[in-house]
Amino acid sequence: MLNKIPKRLILKNKSQYLGISLLILIGCMCYTMFAVTMGNISNNYEIFKEKTNQEKAHFIIMGDLDKAFIKKNFNVNIEKRLQSDYDFSGKTLRLFSLPNEINKPFVQEGRTIKNNNEILIDPNFANKNGYRIGESIKLNNKSYKIVGFFVMPDYTYVIKNEQDILNDPVHFGIAMMYESELKSNFKVPVYSYYMAVGNEKNIDKLKNYIAENTTLLDFKYKNENARILYSEMKIKSGEKATLPIAVFIILLSSFLLFIVLRRQINILHSEIGALYSLGYTKKELLSVYMRIPIYIWLFGSIFGTILGYVEAIPMTNMYRSYFSIPVVELSYPVKEIIVSILLPFIFIIPSGFLALNKMLSKSIIEIIRGTSKFSFKKIKLKFFDKFSFKSRIMFKHGLIHISRELILIIGIASSTVLMLYGLIAQSSIENITNFTYKEVLKYNYQYILNGYYTKSDLNINNQNYEPFVVVSFEINNTKTNVQLYGINKKTEFIKFPNQDIDFSGLVIAKSLAIKFNLNKGDIITLHDKFRDKDYKIKISDIAPIYIGSQGFMDINQLIEKFGLKQGYYNGIFSFDSLNIPSDKLFMSFDKQYLINSFKDLSKPMQAVIGVMSLMASLLSLIIIYVLSSLTINESRKNISLFKLLGFYNNEVDYMTLGLNNISFVIGFILGLPFFRILSDALIAYATKDSDFSIDLSLKLSSVLIGFIALLAVYILSRYLGRLKINKIEPVEILKEQMD
């Protein structure tokens with residue numbers, strides 16, 4: 001007989017228990033999906049780095065180095081690699097020579113190249129542009145057979161320029177061929193690109209040596225390389241984010257279960273008292289009623305883990321398409337699956353025990369009498385007497401069960417945060433991209449030269465350009481690089497709308513100010529890593545630029561401050577594409593490329609936003625429906641009584657669930673400051689190692705859209721609740737009373 005009790009209770013209140021089970025299912029699904037995905041990606045990345053001998057640093061110099069000399073004197077291995085950008089049909093394919101020791105390519109499909117007519121190609125670029133293994137690609141009037149897809153350990157995030165935020169496999173990809181073929185058929189830059197591995201202290205000594213003995217154009221440690229840094233940063237943040245999300249959802253479901261079980265066990269006081277009278281012990285009854293949380297835990301965790309594991313497969317593929325990290329070794333997520341199944345147990349079982357234990361520990365008389373019967377006598381506040389009868393009932397009804405209203409408020413606030421984050425994240429990235437590259441940086445092209453030249457050296461037959469000076473420093477005691485641009489204060493190529501910028505000192509980008517908590521008037525110490533010299537400069541203003549670690553100074557002040565030659569420049573802003581001689585050009589930047597990249601990638605982001613909105617809506621719907629169902633089941637007698645007294649269904653709905661309307665509004669309003677606090681912390685954490693920041697400011701349009709979406713979900717759940725109220729017939733309740 002006792003064994004039938006849990007099944008009977010679950011079936012009688014199936015909507016409430018199903019809702020709680022679904023919350024656990026969602027929590028386990030989220031944990032398994034992210035934990036399996038990130039665990040797989042992280043394990044393979046570690047093996048991948050080791051197998052391919054990932055660089056510790058790379059540098060670019062004018063001229064060449066003696067590899068044996070460097071090995072003997074600094075105990076550092078270096079390897080030269082050639083590269084060339086080939087533009088065709090609006091796309092850029094960056095061609096590399098095949099290395100033998102450092103940053104070796106990992107062929108994840110097909111085979112490596114064996115002759116000059118063969119090429120390895122980036123799988124994401126190939127996929128987006130319809131190239132297959134075995135097909136040919138025509139480059140510079142010569143056909144190359146694609147023999148394999150490959151990834152590189154120093155290009156795990158395949159971006160064209162280090163300033164880029166997003167990769168764009170439609171317009172940019174990488175390829176690899178023999179060095180002899182690259183030299184003979186493509187234009188190779190005059191500078192030399194070297195990769196280095198070894199002890200970091202030895203690499204430091206090597207850096208000082210090449211700075212003193214060669215023309216050093218660039219030097220970056222591994223942790224300064226955006227193409228490595230962004231992927232590692234994303235893996236770490238993904239690993240840390242998995243557990244809190246799952247724990248929050250499961251914790252919420254535990255509170256719901258506690259409320260539901262405690263109320264239902266109180267309703268069953270007569271039945272439990274009778275069982276005690278028949279001789280059953282507390283231990284026997286507890287073991288029976290505890291089967292309810294156990295069934296809920298098993299149902300939610302097992303099905304959630306299975307669904308999460310299934311979803312982890314496309315999720316992993318999506319990550320691999322975003323970051324070029326191959327499957328080097330299959331890993332079996334045993335630990336993640338065990339944690340996913342046991343995680344709800346930690347919260348659900350104690351929650352169920354606490355809800356049941358108090359009632360079952362009472363004496364038989366107390367249990368039979370029932371200690372928590374629903375009664376309006378508990379609320380005696382005279383304040384409510386000024387309201388109408390229906391409103392007084394509504395307030396008292398809600399305040400008697402204040403814990404439910406609090407759970408509802410927390411649930412709505414959480415859904416608001418999730419919904420707004422999805423709505424605002426994309427528009428914020430779009431806004432900073434448009435503002436930075438359209439409103440502030442007016443130039444269309446930026447060219448960085450491989451040395452300092454005068455205007456006459458450049459010999460450019462175009463008036464729509466302006467030379468500038470750029471110098472690179474480290475912020476003292478950090479590994480963060482900052483580029484200082486020496487510009488004309490009245491330049492037409494950089495504008496700061498709606499802000500009168502003070503150029504009396506150093507003007508830094510907002511992204512840099514946020515990252516290091518810098519303000520106007522602060523003194524910043526910049527370290528010249530090539531000459532081991534420090535400079536102290538006062539920050540005169542902060543420019544509204546959210547992308548890049550950069551600063552601006554008046555060009556004459558910068559030249560004087562750092563002892564450069566007057567009349568010499570190493571960079572050019574231009575509105576038109578310029579034909580810079582290749583022996584003077586180090587790198588070029590096309591602004592339209594980044595804008596196009598964002599447009600192409602906005603569609604996948606919309607899909608992510610859709611998933612987040614769906615999660616927020618589902619979370620709200622389940623919480624509201626479970627709580628309203630519990631209220632209605634508990635209030636069946638009162639609902640019947642109201643109907644017998646002649647109240648209409650909508651009036652009964654108002655008196656029973658009316659306070660939910662106020663709780664919904666409170667939850668949404670509370671969600672706004674929570675969103676502000678959480679988003680600031682999240683963005684600060686996510687961008688602490690990157691060169692950009694995002695201002696997730698609340699926009700009225702986003703708030704209205706979020707409110708309307710959640711309101712629609714709320715109205716749906718209230719409609720479902722009203723259907724349950726409408727089905728309650730007064731006659732049936734009277735019969736139950738007589739029985």
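Below you will find a few notes about this structure.

Conventions used here
Residues numbered from 1 in each chain as written. Predicted model: local features only at pLDDT ≥ 70, side-chain atom pairs only at ≥ 80, totals over all residues. Heavy atoms only, no water. Pairing = 2+ DSSP bridges. Helix = DSSP H or I, 4+ residues; strand = E, 2+ residues; numbered from the N terminus. Axes fitted to C-alpha atoms, helices over the stretch in contact; angles between N-to-C directions. Contact = heavy atoms within 4.5 Å. Parallel < 35°, antiparallel > 145°, perpendicular 65-115°, else oblique. Left-handed = near helix turned anticlockwise from the far one by under 90°. Nonpolar A, V, L, I, M, F, W, Y, C, P; charged D, E, K, R; others polar. Salt bridge = Lys/Arg side-chain N within 4 Å of Asp/Glu carboxyl O. Buried < 20%, exposed > 50% of the residue type's maximum accessible area, 1.4 Å probe, protein only. Polar contact = N/O pair within 3.5 Å; in protein donor to acceptor, adjacent residues only side chain to side chain. Core = buried A, V, L, I, M, F, W, Y, C linked by side-chain atoms within 4.5 Å. Phe/Tyr/Trp six-rings, centres within 6.5 Å; stacked < 30°, edge-to-face > 60°. Lys NZ or Arg CZ within 6 Å of the ring centre and 35° of its normal.

### Re the sheet that holds strand 10 (residues 191-197)
Here comes step 1: Read from one edge of the open sheet, four strands run 2-10-1-11, paired in antiparallel fashion. Only two strands of the sheet have a single neighbouring strand rather than two, namely strand 2 (77-81) and strand 11 (215-221). Averaged over all adjacent pairs, the angle separating strand axes in this sheet is 25°, with direction ignored.
Here comes step 2: Strand direction decides the pairing type here: strand 1 (residues 57-62) and strand 11, joined by six bridges, are antiparallel. If you follow Met62 over to strand 11, its bridge partner there is Thr215.
Here comes step 3: Where helix 6 (residues 200-213) meets the sheet, it contacts strand 1, strand 2, strand 10 and strand 11, and its direction lies at approximately 160° from that of strand 11.

### Thoughts on the packing of helix 9 (residues 282-289) against helix 11 (residues 334-360)
Here comes step 1: One can describe the packing of helix 9 onto helix 11 by two numbers: an axis separation of 10 Å at closest approach and a directional angle of 150°. It follows from the interaxial angle that helix 9 and helix 11 lie roughly antiparallel. With respect to the hand of their crossing, helix 9 and helix 11 are arranged in right-handed fashion. Along its contact with helix 9, which presents Lys282, Leu285, Leu286 and Tyr289, the element helix 11 presents Phe353, Leu356, Asn357 and Leu360.
Here comes step 2: Tallied by class, the residues present in the contact of helix 9 with helix 11 amount to six nonpolar, one polar and one charged.

### Details of the pattern of salt bridges
Here comes step 1: Per the counting criterion, the structure on display carries 15 salt bridges.
Here comes step 2: Glu118 serves as the salt-bridge partner of Arg111, at 2.7 Å between the closest nitrogen and oxygen.
Here comes step 3: On the basis of relative accessibility, which here comes to 30%, the residue Arg111 falls in the partly exposed class.
Here comes step 4: According to the relative accessible area criterion, Glu118 is buried, its value standing at 7%.
Here comes step 5: With a shortest N-O distance of 3.2 Å, Glu651 and Lys390 are connected by a salt bridge. With a gap of 261 residues between them, Glu651 in helix 20 (residues 649-657) and Lys390 in helix 13 (residues 389-400) connect regions that are remote in the sequence.

### Considering the side chain of Asn44
Here comes step 1: Take Asn44: it is sitting in helix 2 (residues 14-52).
Here comes step 2: Of the residues examined, Asn44 reaches a relative accessible area of 0% and is grouped as buried.
Here comes step 3: Looking at Asn44, its side chain comes within polar contact range of the main-chain oxygen of Asn40, at 2.9 Å.
Here comes step 4: Residue contacts for Asn44: discarding those within four places in its chain leaves Arg320, Ile325, Pro326, Val327, Val328 and Glu329.

### Side note on the nonpolar core
Here is a general trend for soluble globular proteins: nonpolar side chains tend to be buried in one another's company.
Here comes step 1: Judged by nonpolar contacts, the single largest core of 58 residues is most densely connected at Ile20, Leu256, Ile272, Tyr289, Leu356 and Ile623.
Here comes step 2: Looking at which element gives the most residues to this core, the answer is helix 7 (residues 226-267), with ten residues.
Here comes step 3: When residues no more than four places from it in sequence are discounted, the contact partners of Tyr289 are Ile5, Leu9, Ile265, Leu268, Glu271, Ile272, Leu275 and Leu356.
Here comes step 4: Counting 33 residues, the second-largest nonpolar core is a separate cluster that includes Ile60, Ile448, Phe468 and Val507.

### Details of the packing of aromatic side chains
Here comes step 1: Tallying each qualifying case throughout the model produces 31 aromatic pairs.
Here comes step 2: Seen in terms of ring centroids, Phe125 and Tyr131 are 6.2 Å apart; in terms of plane orientation they differ by 20°. Their pairing is stacked. Comparing Phe125 with Tyr131, the two get one shared label, buried.
Here comes step 3: Aromatic side chains Phe664 and Tyr714 sit 4.7 Å apart centroid to centroid with 20° between the ring planes, which places their arrangement in the stacked category. With Phe664 in helix 21 (residues 659-686) and Tyr714 in helix 22 (residues 700-727), this pair connects stretches of sequence that are 50 residues apart. For the pair formed by Phe664 and Tyr714, the shared burial category is buried.
Here comes step 4: In textbook terms, an aromatic cluster arises when at least three aromatic residues are bridged by ring pairs, as seen for Tyr443, Phe468, Tyr485, Phe493, Phe496, Phe552, Phe573 and Phe575.
Here comes step 5: For the cation-ring pair, Lys565 lies above Tyr568, with the distance from its terminal atom to the ring centre recorded as 5.5 Å.

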